[in-house]
Amino acid sequence: MIVTVTPNPSIDRTVVLPSALVRGGVHRVAESLDQPGGKGVNISRACVAAGVATCAVLPAEPDDPFVHELDHLGVPSAPVPPAGPVRVNLTVTEPDGTTTKLNAAGASVTAADLDALVDRVLELPADAWVVLAGSLPPGAPQDWYAGVSARLRATGRRVAVDTSDAALDAVVATLAPGTAPSLLKPNAEELAAVVDADPDRLERDPGQVALAARTLVERGVGTVLATLGGAGAVLVDATGAWHATPPPTRVISTVGAGDCSLFGYLAADLRGAPAPERLASAVAWGSAAAGLPGTTVPTPDDVRAGDVAVRSLEPTA
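Worth saying up front: this structure is predicted, and the values here are computed from it rather than measured.

Novice: How should I be thinking about the side chain of E190 in this particular structure?
Specialist: Along the polypeptide, E190 turns up in helix α6 (residues 188-195). No salt bridge is formed by the buried E190; its nearest oppositely charged neighbour, K185, is found at 5.3 Å. The residues contacting E190, other than those within four sequence positions of it, are T163, S164, L168 and K185.

Dropping the structure here:
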């Protein structure tokens, strides 16, 4: 089972343009699509598509239209009130796959609201993966993910964290064996920021990515899955490092692709797959998502794990 925690869920509104975006211009929209989103919600939607048990924990009133839409999609959820209105995030996609995102801040929360989310997670099976994902809403302390990860790890739960900016900085600042996340999923830019590396060099050199990720493993993180967009992903744990490249993909929207990569990894882990196979699954699910509009999640029929090339990697200095 995969339990997702999305403290700042969103309605993802995707606007598809028939031509390149011109700043200050007037554009006709080819297509508009609204989907329930937020990183954790996207992962739970992928679970449903693949037949993996899940529960999406999020701040929402039980009768919120957002929750009703999750019900309609067959996504089991645990809405935790009280909650303000769900924010709307706008994504503009161009024909060449360029994606522009305008994300709202979200409704404010209190410490009690956040504690209620964790209490709800602790009511769910202890052998599930728990994914803490996305931005933090106004009112949340930047070290919230760090504290929750440590609290859940103390109960024996496996915890994956996918966040950015100050929230990710706080997680990395407090890393320690036994309380650090079981899995951390940065992209190249996020990894570069937390280890003080050159993001352009990481994008060009998977060996450099492995070297940077290994510093986090040495500080207590169980596994680092670093996604690199069209260059695939790098996986590093205490036993080794691997790089995977995706099959050829016509990119339509990159929104949610990283979330599907994380799902692909966790789904393979639940099957007991070895590290290279987990990485191949991550890259296959991520690339399949990039070939779909908006935050549409792929189904297993869309995923080509057999077309992903995986190789062992030696970190380069």
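Novice: Would you mind going over the pattern of salt bridges with me for this structure?
Specialist: Where charged atoms from two side chains of opposite charge come close, those side chains can pair. A complete count under the given rule lists 8 salt bridges for this structure. Two residues, E277 and R271, come together in a salt bridge whose shortest N-O distance is 3.9 Å. For E277, a relative accessible area of 41% gives the class partly exposed. Within this structure, K39, D162 and D259 form a network of salt bridges that share partners.

Novice: I would appreciate a short explanation of the nonpolar core in the present structure.
Specialist: Note on soluble globular proteins: their nonpolar side chains tend to be buried together. Core analysis: the biggest nonpolar cluster contains 50 residues, and V57, L132, W144, L184, L191 and L216 have the highest contact counts within it. Top contributing element to this core by residue count: helix α8 (residues 206-218), with 6 residues. Every residue in contact with W144, bar those within four places of it in the chain, is listed here: V5, P7, L114, L117, V118 and L136. By size, the runner-up hydrophobic cluster in this structure holds 35 residues, among which are W129, A233, A284 and A288.

Here is what the cut-offs are and how they apply
Residues numbered from 1 in each chain as written. Predicted model: local features only at pLDDT ≥ 70, side-chain atom pairs only at ≥ 80, totals over all residues. Heavy atoms only, no water. Helix = DSSP H or I, 4+ residues; strand = E, 2+ residues; numbered from the N terminus. Buried < 20%, exposed > 50% of the residue type's maximum accessible area, 1.4 Å probe, protein only. Lys, Arg positive; Asp, Glu negative; His and termini not counted. Salt bridge = Lys/Arg side-chain N within 4 Å of Asp/Glu carboxyl O. Contact = heavy atoms within 4.5 Å. Core = buried A, V, L, I, M, F, W, Y, C linked by side-chain atoms within 4.5 Å.

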